[in-house]
Amino acid sequence: MAEILILDDVFDAVVLLKKILSRQGHTVHTFTEEEDAIKYGYKHHIDLAILDIKLKKMSGIDVLAELKRLQPEMKAIILTGYPTVETARDALSFGANEYCVKPIDKKELEAKVEKVLQL
Amino acid sequence: MTKGKQLKKRVLIVDDEEDILILLKKVISRSCNCEVVLATSGLQALEIAESWQPDVLLADIKMPDLDGLELLKRITSLDSTITTIIMTGYGTIEMAVQALKDGAYDFHQKPFDNDKITGSIRRALERTHLLRENRQLQQQLGKPLFKTGFVGQSKPIIHTLELLSRLATSYATVLIRGESGTGKEVAARAIHSMSKRADRKMITVNCPALPEHILESELFGFVKGAFTGAETDKDGLFLEADGSTILLDEIADIPVSVQTKLLRVLQEKEIQPLGQTKTIKVDVRVLASTNQNLEEKMARGEFREDLFYRLNVMPVILPTLAEINEDIPLLAHHFLKEFTLEYEREELEFTPEAMQFLTQKSWKGNVRQLRNTIHRATLLCRDQFITPEDLMASTRFDHHSQTEPVTDCAFLRGDYKEAKEKTVQRFTTAYLTQALKKSGGNVSSAARQSGIDRQAFQRLMRRYQIISEDFRK
C-alpha cells in the first residue's frame, strides 16, 4: 500500500480525505501548512501527493514543483475548488498526474488514486 | 547555426467556422509575424501538415470528420516538434485536462482575448524553434566532426581551426594566448595531433606548478652528482619529447633564469643537463601557452624580450566564450553527451528554458566554466530534464570553487587587504565545500570533523552562501 501525503489548508477536508484513503489501506500523512509538507518531503518517501491549490502562503502548484524536485518519481493529484485552464496547464506541466475539481465524491477519489498509483 | 535567410514561421489554423478562421488569421499574422494557412476540417489540416510542415497548429475541438483531440494525437505522431494549441467554444475543465495530458501546449476557451491567443502562439513558436534546434544539434553531434577537440561552427572557431591546422604542418614555435578556460591546452593538443609527430606522445609541463630549481632539472635533466641528492642521471622532459612536441603551459610564470636556458633550446635546438658540460641535440617542437599579458611582463622586466619574439613567431589567440556565443548550444549538447555517457544517464536533456539560460548567462570562466556547470548539473539533476534551476544551483558553486589554485599569481596582486580577503574567502569556501561534501551535507558532522562549533560553521556557510542541501545525496 502507498505512502500518501495530503495538503489542504482546511483541516476538515484533510481529515475527510485521510479517512477515505486510510480505509483503502494506505498510510496517509496530512498537513495544513505548506512548509510542513515540504519538510516532510525532504526526509520521507512519498508515493502520491494530493494537493489543494489555494493554500495559506504558497500555491499548491509551487509545493508540487518543490516536491517533484525532491522526489521526481512521486505521483501527484491536484484538487481544487476553483478550476481554471491556467492552473490545470501549470499543474500538468509541473508533473501532476490528475487535476480534479472539488467537491469530489468518495468513489471518484478512490478510482483516481488507484489509477494514478498504477501508472 | 545555419545563417542564411530565415524562413517565416508557419501557423496552421483549423476550425469548421470560417468567420473565426478569417478573424484569427488577421489577428495572428499581424501580431506574430508569421505565415498563416487555414483548414476547415481535421482531415484537411492533417493533409496540409504533412506537406507544409507548420511550426504551430491551432485547432478547434469540435469538427465533423476528425476532432481536435484526435488531430492532436495524429499530428504529434507525425512530427513531435509541432506545437499544438487547442481552442473550444464548449470547454470544460475535464476536456482541457485531457487535451493537456495528450500533449497540447495550451487550451483556450472561445470567445477569447486576442492578446492571450497571440501571446500563446508566440510562446508556442518559440517552443517549436527550440525543439527543432535541439534536434538538429543532436544530429550534428552524431557526426564525427570534432577530431580537434574544438566544438563550434561560429566564425572565430572556424578561423581558429583553420589556423591550427595550417600551423600543424609547420615546425614553427607557437604561442597560444587566450583567457582562462578558452582551451589553450586543447589547441596545443590539436596542433600536435594534426602534425606529423602525432604518433609520439606530447609532453605537457605546467610551469608554475614547479619551483624554480625543480623546473630547471625537470626540463633539462641532470647527471649523477650535479647537486646533493642527484644520485643517478635523469633525462629531462625535453629529451623525453625528442621527436615529439612539448607544451610549456603558463609560460609567463617561469623564472628569468630558466627563460635564458629555454631561449638556448629554441635557438640552438640543444639542451644541457645540469652538471654536464656537453650539450645534446634535440628535435622538439615547442608550443607555449599563457593567459597573461606578456607585453606588460616584458615592460616590467619579468619576461625576456628575445624569448618573447622567439615564441611569438606564430601567435594563436583563442576566442572567449562571449565571442563564440552562438556555439553555446552546440557546446552544451556536446558536454551533456560526454557526462551523460560517463554517468550512464543518457536520458538527460535540457529544457528549452535551460538552453535559454545557458545562452544568456555571461561566462567569465569561458568554455571550462560552461563545461563544469553542465558537469555539476548532470550530477545534481534528479529528473529527466535539466532545468534553469539545476544550472543555477550548479553555477552557485562557481565563486566557491575557482579553477585556479589559491596561490595563483594573478590573484596575489593589487591591494593587500583585498587580496587577503579574497584568498580567505576562496580558502574558506573550498574548505567548507570539501567538508560538506564529505559529510553528505550534514552540517553537524562536517563541523565536528573540522573541529569547529556547529553555530560557527553555519555562520561561515551563511557568509559565503553555501547551502547544505547542495551536498545531500
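All of the points below concern the structure found in this document.

Scoring rules and cut-offs
Residues numbered from 1 in each chain as written. Chains lettered and ligands numbered in written order. Predicted model: local features only at pLDDT ≥ 70, side-chain atom pairs only at ≥ 80, totals over all residues. Core = buried A, V, L, I, M, F, W, Y, C linked by C-beta atoms within 7 Å. Buried ≥ 20, exposed ≤ 12 C-beta atoms within 10 Å, placed from the backbone. Pairing = 2+ DSSP bridges. Helix = DSSP H or I, 4+ residues; strand = E, 2+ residues; numbered from the N terminus. Axes fitted to C-alpha atoms, helices over the stretch in contact; angles between N-to-C directions. Contact = placed C-beta atoms within 7 Å. Nonpolar A, V, L, I, M, F, W, Y, C, P; charged D, E, K, R; others polar. Arc of directions from axis to C-beta. Expected span 1.5 Å × (residues − 1). Parallel < 35°, antiparallel > 145°, perpendicular 65-115°, else oblique. Left-handed = near helix turned anticlockwise from the far one by under 90°.

**What to know about the nonpolar core**
Nonpolar side chains in soluble globular proteins generally cluster together in the buried interior.
Turning to step 1, where the next piece is worked out: Counting residues in each nonpolar core, the largest one holds 63 residues, and the members touching the most others are L64 and I78 of chain A.
Turning to step 2, where the next piece is worked out: L167, M202, F220 and F238 of chain B belong to the second-largest nonpolar core, a separate cluster that totals 61 residues.

**A few points about the sheet that holds strand 4 (residues 75-80) of chain A**
Residue and element names in this part refer to chain A.
Turning to step 1, where the next piece is worked out: Strands sit in the order 2-1-3-4-5 across an open sheet of five strands; the sheet is parallel. Each edge of the open sheet is held by one strand with a lone partner, namely strand 2 (27-31) and strand 5 (98-101). Adjacent strand axes in the sheet meet at a mean angle of 20°, parallel and antiparallel pairs treated alike.
Turning to step 2, where the next piece is worked out: Bridge analysis of strand 4 against strand 5 gives four bridges, and the strand direction is parallel. Looking at strand 5, one finds that L79 is bridged to C100.

**Considerations on the interface of chain A and chain B**
Turning to step 1, where the next piece is worked out: Facing the eight residues of chain A at the interface are ten residues of chain B.
Turning to step 2, where the next piece is worked out: Listed by contribution, the elements that provide at least two residues to the side of chain A that touches chain B are helix 4 (85-93) and strand 5 of chain A.
Turning to step 3, where the next piece is worked out: With four residues, the top contributor of residues to the side of chain A that touches chain B is helix 4 of chain A.
Turning to step 4, where the next piece is worked out: Looking at the side of chain A that touches chain B, its residues break down into seven nonpolar, no polar and one charged.

**Quick look at the sheet that holds strand 5 (residues 106-109) of chain B**
Residue and element names in this part refer to chain B.
Turning to step 1, where the next piece is worked out: What the five strands build is an open sheet, ordered 2-1-3-4-5; its pairing is parallel. Looking at which strands have only one partner, the edges of the open sheet turn out to be strand 2 (34-39) and strand 5. Each neighbouring strand pair of the sheet contributes to a mean axis angle of 20°, computed without reference to strand direction.
Turning to step 2, where the next piece is worked out: In the sheet, strand 1 (residues 9-14) pairs with strand 3 (residues 56-60) via four bridges, with the strands oriented parallel. Across the sheet, the residue bridging to I13 is L58, located in strand 3.

**Some remarks on the environment of F94 of chain A**
Turning to step 1, where the next piece is worked out: Within the secondary structure layout, F94 of chain A lies in the loop between helix 4 and strand 5.
Turning to step 2, where the next piece is worked out: Apart from the residues within four sequence positions on either side, F94 of chain A is in contact with I61, L64, A65 and K68 of chain A.

**Brief notes about unusual backbone geometry**
A negative phi holds for most residues other than glycine; trans holds for most peptide bonds.
Turning to step 1, where the next piece is worked out: The amide bond that connects K102 of chain A to the next residue, P103 of chain A, takes the cis arrangement and shows omega of -5°.
Turning to step 2, where the next piece is worked out: Residue P111 of chain B is reached from K110 of chain B by a cis peptide bond, and omega for that bond is -5°.
Turning to step 3, where the next piece is worked out: By the secondary structure assignment, P111 of chain B is in the loop between strand 5 and helix 5 (114-142).
Turning to step 4, where the next piece is worked out: The backbone of K269 of chain B shows a phi angle near 55°, a positive value even though the residue is not glycine.
Turning to step 5, where the next piece is worked out: With respect to the secondary-structure elements, K269 of chain B resides in the loop between helix 10 (256-268) and strand 11 (270-271).
Turning to step 6, where the next piece is worked out: The backbone of N366 of chain B shows a phi angle near 55°, a positive value even though the residue is not glycine.

**What to know about helix 8 (residues 212-220) of chain B**
All names here are of chain B.
Turning to step 1, where the next piece is worked out: Turning to helix 8, its buried residues number three or more, namely L215, E216, L219 and F220. Relative to the axis of helix 8, the buried residues are bounded by an arc of 100° and lie together on one face.
Turning to step 2, where the next piece is worked out: Where helix 8 is buried, its residues meet strand 7 (203-206), strand 8 (221-222), helix 9 (237-240), helix 10 and strand 11.
Turning to step 3, where the next piece is worked out: Within two residues after helix 8, G221 carries a phi angle of roughly 80°, on the positive side.

**Description of helix 10 of chain B**
Turning to step 1, where the next piece is worked out: For helix 10 of chain B, with 13 residues, the first-to-last C-alpha span of 18 Å sits near the 18 Å given by 1.5 Å per residue.
Turning to step 2, where the next piece is worked out: Looking at the residues trailing helix 10 of chain B, positive phi occurs at K269 of chain B, about 55°.

**Concerning the packing of helix 2 (residues 42-52) of chain B against helix 3 (residues 68-78) of chain B**
Residue and element names in this part refer to chain B.
Turning to step 1, where the next piece is worked out: For the pair helix 2 and helix 3, the least separation of the axes is 10 Å and the interaxial angle reads 15°. With respect to their mutual orientation, helix 2 and helix 3 come out roughly parallel. The two elements helix 2 and helix 3 meet at a crossing, and its hand is right-handed. When helix 2 is examined against helix 3, the residues G42, A45, L46, A49 and E50 are found in contact with a partner set consisting of E70, L71, R74, I75 and L78.
Turning to step 2, where the next piece is worked out: Looking at side-chain class alone, the contact of helix 2 with helix 3 contains six nonpolar, one polar and three charged residues.

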